[in-house]
Amino acid sequence: MLVFPDLYAETCPSRKVLDRIGDKWTPLIFGMLENGPRRFSELQRSIGGISQKMLTQTLRGMERDGLIRRTVYPEVPPRVEYQLTPLGETMCEPIKAIFKWTEDHYTEVVAAQMQYDSREA
């Protein structure tokens, strides 16, 4: 039986995919990996405010979802790189569109927040 995804249904598996790509850190990791593989330390240095624990959890989730590939090189010390899979690469354009919208409209959002906050005060 063919089941169509229903993002509004709490138990639909598609909701978990939306949760992954809509979380706080995943879009930023996509942005960092868009131009090629990165090491864990590069990602952590480049993404302000992300803790080691959150980066690890997010990378593991993205790997589980088939969005990134983790490669361990047999060196001393071991070198680990993360890169987008072909599936993960399909998210680059939508993420770039969201980043562009944010850059183009963040001042309007901040102004709206300030106006709202002044009414609530």
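Shown above is the structure to which this text applies.
Residues numbered from 1 in each chain as written. Predicted model: local features only at pLDDT ≥ 70, side-chain atom pairs only at ≥ 80, totals over all residues. Heavy atoms only, no water.

## Some points on a nonpolar patch on the surface
Consideration 1: Together, L7, Y8 and L18 give the surface a local cluster of nonpolar side chains, amounting to about 360 Å² of exposed area.
Consideration 2: Here L18 shows up in helix α1 (residues 13-21).
Consideration 3: Given the relative accessible area of 39%, L18 is considered partly exposed. (Patch = residues over 30% accessible without salt bridge, like charges linked within 9 Å, V, L, I, M, F, W, Y side chains within 5 Å. Areas by Shrake-Rupley, 256 points an atom, 1.4 Å probe, with all protein chains shown as cover. Salt bridge = Lys/Arg side-chain N within 4 Å of Asp/Glu carboxyl O. Helix = DSSP H or I, 4+ residues; strand = E, 2+ residues; numbered from the N terminus. Buried < 20%, exposed > 50% of the residue type's maximum accessible area, 1.4 Å probe, protein only.)

## Some words on the environment of L28
Consideration 1: Among the secondary structure elements, L28 is positioned in helix α2 (residues 26-33).
Consideration 2: For L28, a relative accessible area of 35% corresponds to the partly exposed category.
Consideration 3: In sequence terms L28 and K96 are 68 residues apart; their C-alpha atoms lie 10 Å from each other.
Consideration 4: Dropping the residues within four chain positions of it, L28 is found in contact with I47 and F99. (Contact = heavy atoms within 4.5 Å.)

## Some points on the nonpolar core
Consideration 1: Ranked by size, the top nonpolar core spans 19 residues in total, and within it I29, F30, L33, L55, L59, I68 and Y82 carry the most contacts.
Consideration 2: Those elements that place two or more of their residues in this core are α2, α3 (40-46), α4 (52-64), β3 (79-84) and α6 (92-120). (Core = buried A, V, L, I, M, F, W, Y, C linked by side-chain atoms within 4.5 Å.)

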